[in-house]
Structures are given as structure tokens and as C-alpha cells.
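What follows is each chain in one-letter form.
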Amino acid sequence: MRPDLRASCRPALWLVVLCFALSGRAAGVANDAATVLVLYTNGRLVPGNVEVERGLSRTLAGLSSRPAHIFSEFLDFPEFTGAAHELNLMRYLREKYDRRRPDVLVAVAKESLDFTFRHRADLFPGGPVVHAAVFKSYLDSNPTLPADVVGVPVEYDPAGTIEQALRWHPSARRLIIVNGATPRDTEWEAQLKALAPRFEERVKVEFLSGLTTAALHQRLATLDADCVVFTPGYYQGSDSVRFTPRDSVEAMARVSAAPVYGPFSSLIGTGAVGGRIPSFEAMGQQAGQIVAHLLSGAAPATLALPQVMPNQLTIDWRQAQRWGIDDAQIPDDTMVHFRQPTLWETYRGLAIATAAVVLLQAGLIVALLLEQRRRRRAEVAVQVQRSELAHASRLSVAGELTASIAHEINQPLGAILASADAAELMLKSGVDRREDLLRIVTRIRRDDLRASDVIRKLRALLAKHAPEREPFDLGLAISDVAKLLEAEAHRREVTLEVQTTQAEAAVVGDVVQIQQVLINLIINAIDAVADMPPDRRNVTVDVKSAAAAITVTVRDRGHGIAPEHLPRLFDSFFSTKQRGMGLGLSIARTIVEAHGGRVWAENGPREGAVFHVELTAAAVPNSVSMASA
Amino acid sequence: MNREALIHVVDDDESFRTSLLELLTAAGFEARGYASTGDFLLDPTPDRPGCLLLDVRMPGPSGLDLQASLLRQAKTIPVVFLTGHADVTTGIRAMKAGAVDFLEKPIQRDALLDAIARALERDTGRRKAHDEAHRHHERLAALTTRERDVFERIVAGRLNKQIADELGISLRTVKVHRAHLMEKLGVATAAELGRFAGEGRNLHD
């Protein structure tokens, strides 16, 4: 019961909270939205101003308890100066912000702060003032600020920047300091001249002040490698071309043959190398923090503020590369801009993934290769085993055929010996029977070739050899086998008939192995009819050549195969012979199947057994090399 | 060698046969070749001294078959077997049937000529025996029935007196028959007559 109750209560509760929140917010927008006016000394597009505005607005948006509307105004100093301009500005600001009084005024840079002091009572009575980007030296040289004017002063550090520049360029012999011709520029020049003696021990300090931009650029372009340029930038040289300091530095850095340093963060990215500089964005952030505190009701006097804006060693990494500053010389706390990430940094994820894929793939390939090698080895082992078995079985066939083989060889040997004896007798007789002798010698040669032919065939058949894959004529192979077995058949009073086709029966494989299969089948057939009456003692071998396959059939007229033996006929160690090992047909099948063919047995339509060997016909029936056993 | 001898070679292997005939001719024999047992049997063999060189394994009837057939026909030409492969069983069969020798190819010339010589010697002996038996038979055939009766009784060891009694003729008549038959058989003494009878027994047994 209770869970149900709670479950139904909860949405209602949330709804109430949400309503309160929304109504509270709406009220805040209506009543509490603060107005913050930021008064910049220079123009809207001066980069330092842009950075300050960014830091301020972001910080304020993040910190303020009250929504704040930030308005920016620009005194456009030093382009616009003078009493009339100030008067116009005053009128404009007064009328513009008459009905929307700023809760806090932010004065950026000293001219703006001066302006504020002069017209504060008129324009912004009562509101606290926050200053930013104002030199500490300026503040120090003026009467103490009112309690409701707060801010963290800036102390540019041209000396620190120059020190750092000389550290990064230890071979530098000249320090070139560039200044413009406007009052602001000459003020900088005076400040820098006061610093010069600090460096004169180490380098020659030269001032390029108030030149035309063209002349200045020419000087900069012809500088030696042992120079370092320092400039706060300028608004105007002795000609009519006007710049922002940033733009002037950018133009100088573009042409200068020596590295250019400056004291402002806004110079980073223009081509200046860097320096020990306060960040305008940090100034904006600092101002934003103070504004946020003031808006939340804090009294200006109670704020604990740093004495001065910290300066940050800052460097443009691209320039460091350009001027040969080693990464090792850049301190760890340096703010490095524009560092181009290395390929590794940019593509680390991709690289790792790629490497992983490559590794995985390589692993897979290695595994597959190993597997393939193992398989090939196994295949070779099987082939060797098959070949050894085949060899053994051929030897056993050879044993059975010894009588026939001896007969085949002794026949020509006998003829040769007789011829030789006859020739000797003729020679001894003293009668000139040259023609007879010639005839005898011719016959000796013929018989000799006949004998060696028999031996060659036997050796080819019995030799241990690696299985080959060559095209050969099956008909020819069968004829050779028949010649070899005719004597055996005759010895056992069996008629052996071989009918080969006229056309070539080309197959691809190992001719010796195939011949062995045929010998095996034919000897089996001879065995099968050995105890039959004479009229049934015959064995027929024929070859039928079809388009795709060639079939050899061995037929006998014996008792045939017992039906129960048919399925096991080609099994290893199955034999119906008394002395048989039962390997012959098993090897025959192995060989035929290794050739992509098949062997099978059946009983003849009337009597005896019929064995078929079917082999795939070779693709090219013409140019077949005639391999013979 | 024996100029009258005629040597028959039966071998289906044309090459071997030709070579062998060549050898025999060169050795001074007259020789004839036959490709099969049938060819040999069909050839009208002249009645001359000689022998038969016979291959064992041939298409159709084998050498052993021919040997058996000749024996049955009482043709006693000596046989030397020549074989491509000498297996013991065949060899024993051939020798038992009266072969002079059983030679395995290739055959050493001396062994062959020696076998031929022995075969011819056997043939000569056979022919001589045959001739003597023939002569014996002819002489006996010249005797009259009465003379034959007397001859058999003399050979059986009877005395004249016993013969006269057995045949129912006079002693004198026995003596006349005895003188005639000794003259016809070409013997002068009783001892010679006994030897003649003994030879006849050997020849006809």
C-alpha cells in the first residue's frame, strides 16, 4: 500500500517545485538583471579588447548569481581624442544609459579609467568601478584610488620578455627595439630606454623609433642572424599609415629577418615569438570575477585581490620552430600556442586501431601460413606413405611376376649370346662371311635394345619415385602393362585381350601409379580365372574415351564377387586370397582417388567380375607428351 | 661334327630362334627352326640322326606337351629343353620324361654344344640298337617254323635228344635243322648262338 501512495505522490511534488523555480526565475529576469558597462579605451576591433571581452563575459556568465547584461563602449583612442570627442561621447553615453544605469562599470586600460574618473559623477553616480589592463606604474603615480574603484593592475614585463628572448637566442649580439610615433608609442619608447642599460653588457641595444613603416620594414628585412627584435607595436610611424599595435607587429614579423618579441598576449599569432606577458583574456577573467562579486552584493573594499596580474611566459610554437628554439628550452609552465600536434598525437587513436588491425591481420596470416604448412606437411606425409605403400605393393607384384620378368629378359639375352657365339665361330672358320656377320651384329643390337627396353620398363614400374602429374596417354600405358603381363597370363594359360581406342585417351597424373592400378586389377582377374575351364580363362581390358572421362574396364570370366564382399572390396586388409595382404585394391582406390577419379567393381551380366577405373580426361588431347613406363 | 645330324629348334621367339640357327649352322650343323610345336609336328621329319632343341613356354602347346606327345608316338628323338626361366618343377618334369638336358637362356655355347653332342650320341646309340634289333628280327624271320622250334629249344638249354623227343622227330633231323638254322643266323658255334639269343632278349624286352 505505501509504495503505491509514494509513487503517486512524487510527480505532484516535482511539479510544485518546478513551478516555484520557474516563477522565481521569471521574477529574477524582471527585477534583478544587472547591467554591466564595459568602457574600452581603444576601438572595437583591437585584439586585446576582444580577448578581454571574451574572458570577462565568459567568467561573468559562469559566476554571477544574477543575470548580467554586458554592454561594450569604445573610446576609440588614440584615433579619436580631444575635448569635442569626449563631449560627444559623454552626451551619447549619458543619453544611452539614462534609463538603464549600469550596476558596475568596467574601465579597460588607463585612458578609459581616466575618462571614468573625469565623468563618473556625471554619467555613473554611485556605481562601483572595476579597472582592467591598467598599468601598475600609472596607478602608482596617481593619488590613491577611491574605495569603490577596484581592479588588478597590469605590469607589462618587457625586461622579462627581453631576458627570455636572449636566453632563447644565446648567439644574439644586437637587440633592436622598435617604436612608433604616437604619444602612446613614445611613452613605450621612454620606458624601454630606461630598461636598455640592463642589456647593454650583453648586446648592443638599438632603437628604431618613428620611422616610416616602409623604411622600418626595409631595416628589419636586412637584419643579421645575430639580432633579436623587441617591440610593443605601434599605432603610427612617421608616415600616415595607421595600425593597431597588433597589426604593426604582424607586418614587422612578416618581413623581419630576426625573431620579433613583444609584451602583449595579443601579439601571439601575428608572427611574434612570444614573451613574458599578461594575458588579456586573463585580465578579462579577473575583471569578470570582481564584477560577479560586486553584483552578488560584496563591498568593493572587502575584496581580496592580487597586487598585480601575473605574467605568463607565452610562446608561439610555430615561431619557436621557425627560429630554432628547442622544445627542451621551453619551460614546462610556458603557455604554448599553436603547437602542431605530432602525427602520433593527431592520429593516435587511428594509429593504435590501425596497428591493432595490422597486428591482428599479421597474426591471422601467420596462423594461416602455419596451418597451411602443417597441412602441406601432412599431405606430403600422406603422399609419401601412399607412394611407399604403392612401391611395396609393386614390389610384391614384381615378386609374383618374377618368372615372367626373367623370361622377358632372358629371351633377348639368349638370342644375343647365340648370335655372338655364331659370329665367333664364323670368324674362327677363316671363311670371309662379312655379310653374315653384319646381319648377326645388327640382330645383336636389336636384341640388346629389346632387353634394355624390358629392364627400363620394369625399373620405371618398380622404382621408388615421387608421384608426378604429367599428361599421358592411357591407351599407351595399358599397352605397356599388357606386354608386361602377357607372359604371366600365358604362363598361367589365360588369354589376355586388350582393346584400346584409336583416339588418344589423355589423362593427367602419375603414369606409373596408374599402371600399377591396372596391373593389380589385371593380375586379380588372371587369378580369378586360373582355376576355370580353358574356354573361360580369359581377361579383357578395354578403354572407353568420353568427353570428360576415360574409363578402363577389366573383365574376367571367373566366379565373380560374392555379394557380401562387394561393399568391403576396397577396404584395407580385406582379402579373399589365401596369401593376400588385402592392400592391393585399397591402394588402387587411394591412387585413383588421388587422381580425382574413381574405381568400382560389379559382377558381369552373365559371369565374372568387372572392375572400372574412371579418370578425368585431360583438357588438351593433342600435344600430350607420351610418357611411357 | 656330325655331318648327317639334323637339329630341330622349336621356339616361338623369332629372334632367339634365328640366332640359334645361325649358331648351329656356324657350328657345322644342319638345323631347322619351327615357331611352334604344331609347325614341328606338321613338318615331315626325315629319318636322320638328330635332336630337338625345345623351348618350354610357347603360345599353344608347350614344349613339355610336345615331349609327352612324342613319347606316346614312340618317336624317340632326344630333347634338350631351352627355357627363359628355369623353375624346378618344370625341370624335374622334363628330365623325368627323358630330356637330355634342361638349359636356361642365355645359354653358354659349350653347354649347348655339349648337350647337343650328348643328344646326338644318344640318338646314335638308339639308332644302332634299333638297327641290330632289326637285323636280328630279319634273321629270325628267315627260319622255317620247324627250325624256329628247334632254335627256341636250343636257347632254352635242351639237349638234341630232348628236342627230338619233344618234337617227335629223329635225332638226325634235329641235327640237320640245327645246322641249317646256325647257318641262317650266321653263327658257327653253340656259344655264338647263345650270345645271339641273349642280344635278342635284350633288344626285344
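Because the structure is a prediction, the values reported are computed rather than measured.

### What to know about the overall build of chain A
Step number 1: Counting its secondary structure elements, chain A contains 18 helices and 19 strands.
Step number 2: Of all 629 residues assigned to chain A, the portion counted as buried reaches 45%.
Step number 3: Expressed as a percentage of contacts within chain A between residues at least 6 apart in sequence, the contacts between residues at least 24 apart total 71%.
Step number 4: Summed over all atoms, the accessible surface of chain A reaches about 32700 Å², with 56% contributed by carbon and sulfur.

### Considering the sheet that holds strand β5 (residues 149-151) of chain A
Residues and elements named next belong to chain A.
Step number 1: Taken in spatial order, the five strands of this open sheet run β2-β1-β3-β4-β5, and their pairing is parallel. Both outer strands of the open sheet, β2 (68-74) and β5, are each paired with one neighbouring strand and no more. Sheet twist, expressed as the mean angle between neighbouring strand axes with direction ignored, is 25°.
Step number 2: Where strand β3 (residues 104-108) and strand β4 (residues 129-132) come together, four bridges link them in parallel fashion. Looking at β4, one finds that Val106 is bridged to Val130.

### Observations regarding the packing of aromatic side chains
Describing an aromatic ring pair means giving the distance of the ring centres and the angle of the ring planes.
Residue and element names in this part refer to chain A.
Step number 1: What the rule picks out here adds up to 13 aromatic pairs over all chains.
Step number 2: Seen in terms of ring centroids, Phe71 and Tyr97 are 6.0 Å apart; in terms of plane orientation they differ by 65°. Their pairing is edge-to-face. Placement of the pair is Phe71 in strand β2 and Tyr97 in the loop between α3 (83-96) and β3, with a sequence separation of 26 residues.
Step number 3: Aromatic side chains Tyr156 and Phe264 sit 4.9 Å apart centroid to centroid with 80° between the ring planes, which places their arrangement in the edge-to-face category. Of this pair, Tyr156 sits in the loop between β5 and α6 (158-168) while Phe264 is found in the loop between β9 (260-261) and β10 (274-277), placing the two residues 108 residues apart along the sequence. Each member of the pair, Tyr156 together with Phe264, is buried.
Step number 4: Cluster of aromatic residues (ring-pair linked, three or more members): Phe135, Tyr156, Trp188, Phe264 and Phe280.
Step number 5: Between Arg318 and the ring centre of Phe338, over which it is positioned, the NZ or CZ distance is 3.9 Å.

### Here's the deal with the interface of chain A and chain B
Note: interface size is frequently given as the accessible area lost on complex formation between the parts.
Step number 1: Contacts between chain A and chain B engage 26 residues on the former and 25 residues on the latter.
Step number 2: Inspection of the region where chain A meets chain B yields four salt bridges.
Step number 3: Across the pair A:Arg439 and B:Glu22 runs a salt bridge whose closest N-O atoms are separated by 2.4 Å.
Step number 4: At the boundary of chain A and chain B, one finds 15 residue pairs in polar contact (both at pLDDT 80 or more).
Step number 5: When residues of the side of chain A that touches chain B are traced back to their parent elements, those giving at least two are α14 (402-429), α15 (434-462) and α16 (474-491) of chain A.
Step number 6: Top contributing element to the side of chain A that touches chain B by residue count: α14(A), with 18 residues.
Step number 7: Here the side of chain A that touches chain B is built from residues that sort into ten nonpolar, seven polar and nine charged.

### So, the pairing of strand β16 (residues 538-545) of chain A
All names here are of chain A.
Step number 1: Most of β16 is tucked away: six of the eight residues are buried.
Step number 2: Bridge count between strand β14 (residues 495-499) and β16: five bridges; the pairing is parallel. Following the sheet pairing, Val498 is matched in β16 by Val541.
Step number 3: Pairing of β16 with strand β17 (residues 549-556), which is carried by seven bridges, proceeds in the antiparallel orientation. Looking at β17, one finds that Ser545 is bridged to Ile550.
Step number 4: Counted between consecutive antiparallel strands, the loop separating β16 from β17 contains three residues.

### Some remarks on the confidence of the model for chain A
All names here are of chain A.
Step number 1: For chain A, the mean per-residue pLDDT works out to 83, and 87% of the residues sit at or above 70.
Step number 2: The model gives residues 1-9 a pLDDT under 50, and that stretch makes zero contacts with residues more than four places away or in other chains.
Step number 3: pLDDT under 50 marks residues 16-30. Its contacts with residues more than four places away, or in other chains, come to two contacts.

### Digging into the packing of helix α7 (residues 160-167) of chain B against helix α8 (residues 171-185) of chain B
All names here are of chain B.
Step number 1: Contact geometry for α7 and α8: axes closest at 8 Å, N-to-C directions at 105°. Classified by the interaxial angle, the pair formed by α7 and α8 is roughly perpendicular. Residue-level inspection shows Asn160, Lys161, Ile163 and Ala164 of α7 in contact with α8, the latter providing Leu171, Val174, Lys175 and Arg178.
Step number 2: For the contact of α7 with α8, the residue count by class is four nonpolar, one polar and three charged.

### Remarks on the pairing of strand β18 (residues 598-603) of chain A
Residue and element names in this part refer to chain A.
Step number 1: With six bridges connecting them, β18 and strand β19 (residues 609-616) associate as antiparallel partners. Looking at the pairing, Glu602 lines up with Val610 of β19.
Step number 2: If you look at the hairpin formed by β18 and β19, you'll find five residues sitting between the two strands, and Gly608 has a positive phi there, around 70°.

### Structural notes on the packing of helix α2 (residues 47-63) of chain A against helix α11 (residues 280-295) of chain A
Residue and element names in this part refer to chain A.
Step number 1: It is the contact of α2 with α11, at a shortest axis distance of 7 Å, that shows an interaxial angle of 35°. Judged by the twist between their axes, the crossing of α2 over α11 is right-handed. Residue-level inspection shows Gly48, Glu51, Val52, Arg54, Gly55, Leu56, Arg58, Thr59, Leu60 and Leu63 of α2 in contact with α11, the latter providing Phe280, Glu281, Gly284, Gln285, Ala287, Gly288, Gln289, Val291, Ala292 and Leu295.
Step number 2: A breakdown of the residues in the contact of α2 with α11 according to their chemical character gives nine nonpolar, seven polar and four charged.

### Focus on α11(A)
Residue and element names in this part refer to chain A.
Step number 1: End to end, α11 covers 22 Å across 16 residues, agreeing with the expected 22 Å (1.5 Å per residue, within 8%).
Step number 2: Buried within α11 we find Phe280, Met283, Gly284, Gln286, Ala287, Gly288, Ile290, Val291, Ala292, Leu294 and Leu295.
Step number 3: Here the buried face of α11 lies against β1 (34-40), α2, β2, β3, β4 and β5.
Step number 4: One side-chain oxygen at the N-terminal end of α11 lies 3.2 Å from the backbone nitrogen of Glu281; it belongs to Ser279.

### Focus on the sheet that holds β9(A)
Residue and element names in this part refer to chain A.
Step number 1: Read from one edge of the open sheet, four strands run β7-β6-β8-β9, paired in parallel fashion. One side of each edge strand has no neighbouring strand; the edge strands of this open sheet are β7 (204-209) and β9.
Step number 2: Along the sheet, helix α7 (residues 183-195) makes contact with β6 (174-179), β7 and β8 (227-230), crossing β6 at roughly 155°.

### Focus: α7(B)
Residues and elements named next belong to chain B.
Step number 1: Among all positions in α7, only Asn160, Ile163, Ala164 and Leu167 are buried. Viewed along the axis of α7, the buried residues span an arc of 100°, placing them on a single side of the element. Away from the buried face of α7 by more than 90 degrees, exposed residues Lys161 and Asp165 are located.
Step number 2: The inward-facing, buried residues of α7 contact α6 (145-155) and α8.
Step number 3: A positive backbone phi angle near 75° is found at Gly168, which sits one or two residues after α7.

### Structural notes on the pattern of salt bridges
Residue and element names in this part refer to chain A.
Step number 1: Taken as a whole, this structure holds 49 salt bridges over all chains when the rule is applied.
Step number 2: For the salt bridge of Asp316 with Arg318, the shortest nitrogen-to-oxygen distance reads 3.2 Å.
Step number 3: The partner of Arg339 in a salt bridge is Asp327, and the shortest N-O contact between them spans 3.8 Å. One end of the pair, Arg339, is in the loop between β12 (335-337) and α13 (343-400); the other, Asp327, is in the loop between α12 (317-322) and β12, and twelve residues separate them in sequence.
Step number 4: According to the relative accessible area criterion, Arg339 is partly exposed, its value standing at 42%.

### Quick notes on the environment of A:Val610
All names here are of chain A.
Step number 1: Here Val610 is to be found in strand β19.
Step number 2: Residues Val610 and Gly560 lie 50 residues apart in sequence; the distance between their C-alpha atoms is 8.1 Å.
Step number 3: Not counting chain neighbours up to four residues away, the residues in contact with Val610 comprise Thr553, Val554, Arg555, Trp600, Ala601, Glu602, Asn603 and Gly604.

So, how was this worked out
Residues numbered from 1 in each chain as written. Chains lettered and ligands numbered in written order. Predicted model: local features only at pLDDT ≥ 70, side-chain atom pairs only at ≥ 80, totals over all residues. Heavy atoms only, no water. Helix = DSSP H or I, 4+ residues; strand = E, 2+ residues; numbered from the N terminus. Buried < 20%, exposed > 50% of the residue type's maximum accessible area, 1.4 Å probe, protein only. Contact = heavy atoms within 4.5 Å. Areas by Shrake-Rupley, 256 points an atom, 1.4 Å probe, with all protein chains shown as cover. Pairing = 2+ DSSP bridges. Axes fitted to C-alpha atoms, helices over the stretch in contact; angles between N-to-C directions. Phe/Tyr/Trp six-rings, centres within 6.5 Å; stacked < 30°, edge-to-face > 60°. Lys NZ or Arg CZ within 6 Å of the ring centre and 35° of its normal. Salt bridge = Lys/Arg side-chain N within 4 Å of Asp/Glu carboxyl O. Polar contact = N/O pair within 3.5 Å; in protein donor to acceptor, adjacent residues only side chain to side chain. Nonpolar A, V, L, I, M, F, W, Y, C, P; charged D, E, K, R; others polar. pLDDT = per-residue confidence, 0-100. Parallel < 35°, antiparallel > 145°, perpendicular 65-115°, else oblique. Left-handed = near helix turned anticlockwise from the far one by under 90°. Expected span 1.5 Å × (residues − 1). Arc of directions from axis to C-beta.

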